[in-house]
Amino acid sequence: MSPTTEPWGYHIFTYGCQMNVRDSEIMAGLLNSQGGTLQNQAALADLIIFNTCSVRHSAENKVYGKLGEYLKIKNSRPGMIIAFGGCMAQIPEVVNRVKRMGVDIVFGTHNLHLLPQLIERHHQGHKKVVEVWPEHGEIIEALPSQRNPGWSAFVNIMYGCNNYCSYCIVPYTRGRERSRRPQDILAELQALAADGFKEVTLLGQNVNSYGQGLPEAFDFADLLAMADSIPGLERIRFTTSHPKDMSDKLIDTIAGGRNLCEHIHVPLQAGSNEVLKRMNRHYSREHYLEMVAKIRERIPGVAISSDLIVGFPGETQADFEETLEMVEKVRFDSAFTFMYSTRTGTQAAKLPDQIDLRTKRERLLRLNQLQYAIAAEINRGMEGKIEEIMVEGPSKTDYRRMTGRTRTNRIVIFEGCPDLAGELLRVKITKGNTFSLFGEAADGKSIMK
Ligand code: SAH
Ligand code: SF4
Ligand code: F3S
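Within each chain, residue numbers correspond to sequence positions counted from 1 in written order. Labels are handed out in written order, letters beginning with A for the chains and numbers beginning with 1 for the ligands. Under the rules for a predicted model, residues below a pLDDT of 70 receive no local features and side-chain atom pairs below 80 are neither given nor counted, while totals for whole chains, interfaces and linings still include all residues. Side-chain calculation: all heavy atoms of the structure are included, whereas hydrogens and water are not.

Colleague: Lay out the layout of surface pockets with the relevant residues and their values.
Modeller: Of the grid points, spaced at 1 Å and generated over the protein atoms alone, those admitting a 1.4 Å probe that cannot get out make up cavities, while open sets with protein on both sides within 12 Å along at least five of seven lines make up pockets; any residue with an atom within 4 Å of a point is treated as lining. Grid points are joined across faces, edges and corners, and a volume is the space filled by probe spheres set on the points. Space inside the second largest pocket adds up to approximately 620 Å³. The wall of the second largest pocket is formed by 31 residues, among which Ile 26, Ile 140, Leu 143, Asn 156 and Tyr 159 lie closest to the centre. Among the elements that make up the lining of the second largest pocket, the one with the highest residue count is helix H6 (residues 182–194) (five residues). Of the residues belonging to the lining of the second largest pocket, the class tally is 12 nonpolar, eight polar and 11 charged. Each helix is a run of H or I in the DSSP string that is no shorter than four residues. Each strand is a run of E no shorter than two, and both are numbered from the N terminus. Amino acids outside the nonpolar list (Ala, Val, Leu, Ile, Met, Phe, Trp, Tyr, Cys, Pro) and the charged list (Asp, Glu, Lys, Arg) are all regarded as polar, and Gly is one of them.

And the structure:
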């Protein structure tokens, strides 16, 4: 598998968050530069890469299941190489386990740029190639990358996390927070616009603290304003915002933006101040409510979404009720809800009073029932409104229809032809459900080409 040999195919299984989606694009770029091509049928690929996530036990389990399946296939195709990277690979116990299982190459999040060299070492006869950097090095710019097709691109603005929320493994798998230089981000955004991308999502574990450690004073609000000035980028999204770092300047910048989408993903995690303290989140429910009020006052029509965890160690029934109460008060447009999952090495793993699975399940169910009812109510309230959507492509559930997204990140399903993909359209919302809206052409204009 070098530029001089036969054509070869690779397949990448990507788990976890948008960071991993973006990392997989870079891996694909690196492999293409070595003469590889994407093989959609994984079982026929010469090289299989697992880009893994360790945020919850369930995420790891999915990976182990699929890995077992492909190690069996490898038995009948001895030339096949299996490489294991991503967040799970930063955990020494995982590395030992997958080595024993029969993985050929292991690489971490801090050294994915070395993937071609590691593959080369394997070819030179090293049967097991394991190289995982425990710490990050300098940010490496301009790595090749093969972006996923479409009009929307992910752009890293920073890496790592310094927050050490007590339940979370990410600071251990992604290292300390560091920001890319504004000029490097600008160059990438301009290149994306020139390539026809219309939407970008700026990525960071806590975008609100972007800019710390840069030689110049330049914060996330400055970065958004810069991105908003680039011709061709019609929609600018960003994720994730931490409630403790939501500045007035940032809210005002979003409010005054042209193409800055009115959607803020700002996870609350839990509604009880006691739990928030033990989670090491550095804000109170009162602070969160004030922040939401300010955001809604200054950014009309904004959507606010959240992540919520039930069953954090020591969470009493009363604490949980406080989460429900916050959900009712805030009325999130959408929320990702999780059962707490113990991550070895984190502070919360050492806390007493771990909650049993049955209680966690019951709480998750109640939380979901409430959140879904609220989302459905909000979406029903959209009926009759005119929304601008960016068309994404045919609906996954009904191929005769198309889907698009509003600026507030709501999915709209409508009748239209596939040529519309990538276009901005005005639609009238005809129906609102829990997870999506239905729409039709606005202004009497046909959206059938
Ligand atoms: N940096 C982002 C994303 C972190 S991971 C943020 O701060 O929001 C995405 C979500 O996974 C978190 O927001 C949290 O709700 C959830 N999560 C993280 N660790 C978890 C754990 N150990 N158990 C359950 N959910 C967890
Ligand atoms: Fe994890 Fe907290 Fe960092 Fe998000 S902010 S990645 S939840 S430690
Ligand atoms: Fe998972 Fe790593 Fe993202 S743990 S959520 S893939 S940063």
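Colleague: Requested: an account of the site of ligand 2, with residues and values cited.
Modeller: Around ligand 2 lies a shell formed by Cys 161, Asn 163, Tyr 164, Cys 165, Tyr 167, Cys 168, Val 170, Pro 171, Gln 205 and Arg 281. Tallied by class, residues from the shell around ligand 2 come to seven nonpolar, two polar and one charged. If even one non-hydrogen atom of a residue comes within 4 Å of a molecule or strand, that residue is called near it.

Colleague: Outline the packing of aromatic side chains, supporting the account with residue identities and numerical values.
Modeller: By convention, a stacked pair of Phe, Tyr or Trp rings (six-membered ring in the case of Trp) has centres within 6.5 Å and planes under 30 degrees apart, an edge-to-face pair has planes over 60 apart, and any other such pair is tilted. With the rule as written, the count across this model stands at 10 aromatic pairs. Taking the centre distance of 5.5 Å and the plane angle of 70° together, the rings of Phe 220 and Phe 238 count as edge-to-face. Of the two residues, Phe 220 is situated in helix H7 (residues 220–228) and Phe 238 in strand E11 (residues 235–239); the sequence distance between them amounts to 18 residues. Connected via pairs of aromatic rings, a cluster forms that spans Phe 13, Phe 50 and Tyr 70. Only Lys NZ and Arg CZ are tested; either one counts as a charge over a ring when it is within 6 Å of the ring centre and within 35 degrees of the ring normal. Over the aromatic face of Tyr 64 sits the side chain of Arg 97, whose NZ or CZ is 3.6 Å from the ring centroid.

Colleague: Quick one: what's the story with the site of ligand 1, residue by residue and with numbers?
Modeller: With respect to spatial proximity, 14 residues lie near ligand 1, and among them Tyr 167, Gln 205, Gln 269, Asp 307 and Ser 341 are the closest. Under the rule applied, a polar contact is a pair of N or O atoms within 3.5 Å (in protein, one hydrogen donor and one hydrogen acceptor; residues adjacent in sequence only if both atoms are side-chain atoms). A distance of 3.0 Å separates an oxygen atom of ligand 1 from a polar side-chain atom of Arg 56. Within the side chain of Gln 269, a nitrogen or oxygen atom sits 2.7 Å from an oxygen atom of ligand 1. Here ligand 1, which alone exposes 530 Å², has 89% of that area covered by the protein. Those elements giving two or more residues to the shell around ligand 1 turn out to be strand E13 (303–310) and strand E14 (334–339). Residue composition of the shell around ligand 1, by class: seven nonpolar, four polar and three charged. For the accessible areas, the method is Shrake-Rupley and the probe is 1.4 Å, while residue cover comes only from the protein chains on display.

Colleague: Describe the domain arrangement of the chain, and please don't skip the residues or the numbers.
Modeller: Domain annotation for the chain reports domain 1 (8–131) and domain 2 (386–446). Relative placement of domain 1 and domain 2: their C-alpha centres are 36 Å apart. Reported domain spans reflect what an automatic or database domain assignment gives.

Colleague: Give me the lowdown on the nonpolar core, citing residues and values where you can.
Modeller: Nonpolar cores are built from buried Ala, Val, Leu, Ile, Met, Phe, Trp, Tyr and Cys residues. Side-chain atoms within 4.5 Å join them into one set. Per-residue accessibility, obtained with a 1.4 Å probe over protein chains only, is compared with the maximum for each type, and a residue is labelled buried under 20%, exposed over 50%, and partly exposed between these values. Within the largest apolar cluster, 67 residues are counted, with the highest numbers of intra-cluster contacts made by Leu 202, Phe 220 and Tyr 288. Ranked by residues supplied to this core, first place goes to H7 with six residues. Counting residues in each nonpolar core, the second largest holds 25 residues, with Tyr 15, Ile 48, Ala 59 and Met 88 among its members.

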